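Here is what each chain is made of, one letter per residue.
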Amino acid sequence: MRKRNKLVLVAALLAATVSVFADDLIFRGTISGEMLDFKGLNETETDAVKKFKQTGVNPYNGNAEVIKKGESLFSTACSGCHGHLAEGKLGPALSDDYWTYPKNATDKGLFETIFGGAEGMMGPQRGRLTQDEMLQIMSWVRSIYQGDPDKAKWLNN
Ligand code: HEC
């Protein structure tokens with residue numbers, strides 16, 4: 001192969017690899033199993049959201065400043081049903097290691113449940129909160145976790 005052709009080939013391979021890494025994961029509704037619809041949202045995706053969609057890892061975990069904001073968002077949007085410390089009320093506790101939907105032990109699963117909703121009163125937060133706000137809330141929920149550390153799947157995904 002001529003040197004130039006080789007170079008073209010290498011460049012094409014590199015481009016292919018980069019585009020594979022840049023692909024978003026597929027997010028599915030917790031109940032419907034259908035792909036979540038991110039189109040038509042009235043928000044600009046933040047870098048954290050973009051990163052999260054590619055990795056399934058919440059970049060805000062452990063970020064004290066964001067966790068504080070997440071706590072305040074939780075108390076307006078979620079605590080009425082889940083309790084101020086997410087200890088459970090109308091909706092289940094979110095601070096222990098029992099999950100109705102086991103995938104909520106991963107951040108990808110938790111996001112899918114918050115964005116797309118679950119049964120009954122757990123309505124989709126799509127359009128009510130921005131995706132970035134959902135990540136902020138998730139970082140607080142993870143920060144108050146009291147369950148078995150071995151079951152904290154979001155730490156190792
Ligand atoms: C109007 C009441 C209500 C509000 C507001 C609400 N939830 Fe829920 N949530 C529920 C109920 C009821 C369930 C149980 C639904 C089910 O089992 O399918 C639930 C389930 C969940 C689950 C699944 C828990 C598991 O064990 O798998 C998560 C996660 C969750 N809610 C997070 C949130 C977050 C975060 C917010 C705020 C953005 C929120 N919810 C707001 C009522 C509510």
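Residues numbered from 1 in each chain as written. Predicted model: local features only at pLDDT ≥ 70, side-chain atom pairs only at ≥ 80, totals over all residues.

Looking at an unreviewed UniProt entry, one finds the protein chain named Cytochrome c class I, with Methylovorus glucosotrophus as its source organism.

Student: Would you explain the overall build of the protein chain in this entry?
Tutor: For the protein chain, the count of helices and strands is six helices and zero strands. Helices and strands in the protein chain line up, N terminus first, as α-α-α-α-α-α. Buried positions account for 26% of the 157 residues belonging to the protein chain. Partitioning the contacts of the protein chain with sequence separation of at least 6, the portion at a separation of at least 24 is 66%. (Helix = DSSP H or I, 4+ residues; strand = E, 2+ residues; numbered from the N terminus. Buried ≥ 20, exposed ≤ 12 C-beta atoms within 10 Å, placed from the backbone. Contact = placed C-beta atoms within 7 Å.)

Student: For this particular structure, what's the right way to read the nonpolar core?
Tutor: A general feature of soluble globular proteins is that nonpolar side chains tend to end up buried together. Core analysis: the largest hydrophobic core is formed by 19 residues, its most contacted members being F111, M134, L135, I137, M138 and V141. Among the secondary structure elements, those contributing two or more residues to this core are α2 (47-55), α3 (64-77), α5 (107-116) and α6 (131-143). For this core, the element with the highest residue contribution is α6, accounting for six residues. Setting aside chain neighbours within four positions, we find V141 in contact with A86 and L94. (Core = buried A, V, L, I, M, F, W, Y, C linked by C-beta atoms within 7 Å.)

Student: Sorry if this is basic, but what is going on with the UniProt feature "binding site: heme c" (unreviewed entry) in the protein chain here?
Tutor: UniProt's entry tags C78, C81 and H82 with the feature "binding site: heme c" (unreviewed entry), counted in the numbering of this structure. Looking at the element boundaries, C81 is found in helix α4 (residues 79-82). Take C81: there are 13 C-beta atoms within 10 Å of it, and that puts it in the partly exposed class. Excluding residues that lie within four positions of it along the chain, C81 makes contacts with K89, L90, G91 and M121. Of note, H82 is situated in helix α4. (UniProt positions renumbered as here; feature names shortened; annotations may be inferred.)

Student: What am I meant to see in α3 here?
Tutor: Because each turn of an α-helix spans 3.6 residues, side chains separated by three or four positions end up pointing in the same direction. Here α3 spans 20 Å end to end across 14 residues, near enough to the 20 Å set by a 1.5 Å rise per residue. For α3, the full list of buried residues reads V66, I67, G70, E71 and F74. One face of α3 carries all of its buried residues, which in axial projection span an arc of 150°. Away from its buried face by more than 90 degrees, α3 exposes E65, S72 and T76. Of the surrounding secondary structure, the elements contacted by the buried residues of α3 are α4 and α6. (Expected span 1.5 Å × (residues − 1). Arc of directions from axis to C-beta.)

Student: What's the story with the site of the ligand in this structure? I'm lost.
Tutor: Lining the immediate environment of the ligand, one finds 24 residues, of which C78, C81, G91, A118 and E119 sit closest. Contributions of two or more residues to the shell around the ligand are made by α4 and α5. Its residues assigned to classes, the shell around the ligand comprises 15 nonpolar, eight polar and one charged. (Near = placed C-beta within 6 Å. Nonpolar A, V, L, I, M, F, W, Y, C, P; charged D, E, K, R; others polar.)

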